[in-house]
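# Close look at the chain arrangement
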Amino acid sequence: MLSIQKVNIATLYNRNEEYKSCNRETDREDGSKIQKFKELLHQNIIPINELLHLAWSGVPSELRSTVWRLLLKYQSPNRDANFTIIERKRSVYFGMCDIYFAKNQQYDEREKKILKQISEDVKRTIPDSSVFRNLQIQTLLERILFIWNIRNPACGYVQGMNDIVAPFLVVFLSDYVDIDTTKLQFINEKQLNHLDQRLIRQVEADSYWCLCKLLESVLDNYTNSQPGLIRFYNKFKEILQALDKKLYEHLTTSLSMELYAFIFKWSTCMLLRMFQFEVGLRLFDTLLAEENNYFELCLFIIISILMKFSLKIQKLQYDEIMILLEKIPTREWSESDLSLCLSEAYAYQRIFSKK
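Residues numbered from 1 in each chain as written. Predicted model: local features only at pLDDT ≥ 70, side-chain atom pairs only at ≥ 80, totals over all residues. Heavy atoms only, no water.

### Focus: the UniProt feature "domain: Rab-GAP TBC" (unreviewed entry) in the chain
- UniProt records the feature "domain: Rab-GAP TBC" (unreviewed entry) at residues 58–291, using the numbering of this structure.
- Between the C-alpha atoms that bound residues 58–291 there is a distance of 15 Å. The span itself is 65% helix and 2% strand. (UniProt positions renumbered as here; feature names shortened; annotations may be inferred. Helix = DSSP H or I, 4+ residues; strand = E, 2+ residues; numbered from the N terminus.)

### A closer look at the packing of helix H8 (residues 161–173) against helix H14 (residues 277–289)
- Following both chains from N to C, one finds H8 and H14 inclined at 100°, their axes separated by 10 Å at the closest point. Considering their axes alone, H8 and H14 lie roughly perpendicular with respect to each other. For the pair H8 and H14, the contacting residues are Ile-164, Ala-166, Pro-167, Phe-168, Val-170 and Val-171 in the first and Phe-277, Leu-281, Phe-284 and Leu-288 in the second.
- Split into classes, the residues belonging to the contact of H8 with H14 amount to 10 nonpolar, no polar and no charged. (Axes fitted to C-alpha atoms, helices over the stretch in contact; angles between N-to-C directions. Parallel < 35°, antiparallel > 145°, perpendicular 65-115°, else oblique. Contact = heavy atoms within 4.5 Å. Nonpolar A, V, L, I, M, F, W, Y, C, P; charged D, E, K, R; others polar.)

### Digging into the environment of Leu-51
- You can see Leu-51 is positioned in helix H2 (residues 48–55).
- Not counting residues within four places of it along the chain, the set of residues in contact with Leu-51 comprises Phe-37, Leu-40, Leu-41, Ile-46, Val-67, Leu-70 and Leu-71.

### With respect to the packing of helix H3 (residues 64–71) against H8
- The contact between H3 and H8 brings their axes to 8 Å, and the two run at 130°. By the angle class used here, H3 and H8 are oblique. Each of Arg-64, Ser-65, Trp-68 and Arg-69 in H3 lies in contact with H8, whose residues at this interface are Pro-167, Phe-168, Val-171 and Phe-172.
- The class makeup of the residues in the contact of H3 with H8 is five nonpolar, one polar and two charged.

Laid out in structure tokens, this is it:
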């Protein structure tokens, strides 16, 4: 049983029946904050702990690609060693592409089935975005996910991984091509067509390795029996019951096992489908800054979100709750709404972190 400390929940979250956007400007692009990031990144040995602390509250878009690589330990904090280490990892990935995507490659029936599923999911990845409608990007994404599947046979490819790769692709590609991350559209798609293929391959390799780094501590969420997600769900129920017993009882009485389906859907894509894409990038800043605790923070983010709509949910019946959760209102949230939610989630995490 988790150790529960006294907490005045009313001071942590909005008890209105309908959560209202706080419409507060984020300080992520604040000039002084950008300068702090640059000062850290220009040091010969980058102080990772300081970078983690600074990145938790948001990373400036112009520095995101570098900061994310550092937070995931894909890029070395030793600036003199960066080029050598990353080039070696990219070379390894290019070698895997040559092996698994050679000309006239013959696949067995199982591999054909996985490739077909990946191809279908890739086409469904943010379909209204010109970035992910681009055939070159779709091919790139298919390769990343199929190689992941081959190299991780214990869990293989699982739907939702395509969503997790998407932020890496967009952020790394944005170093070379102008992308409107609010609308997730190319500002000038011809830039991609004229981009050196070597740079596109580097974006692909970096996205693959960052996916690997992000998922390496949560692989048991994606195996057939999903032991990690079962533990996640059990902890979710216990904490929600402690924080908001009325909400918990209403949800479990109304939805029963369907609630697990929502938790599964939200958590396997790292909550990205709950938010607009640009807000999802801001979410990733904090998750990556949590290092190995990011999936635990996801748990408290979900709880914080549900509690914001607690009074409303308690008045709804089964069908109405299903509609609300299928079209979760967080899709309309701004970065400032997310920042408030992250602060609340962190507060809950601190309360329940000691057993």
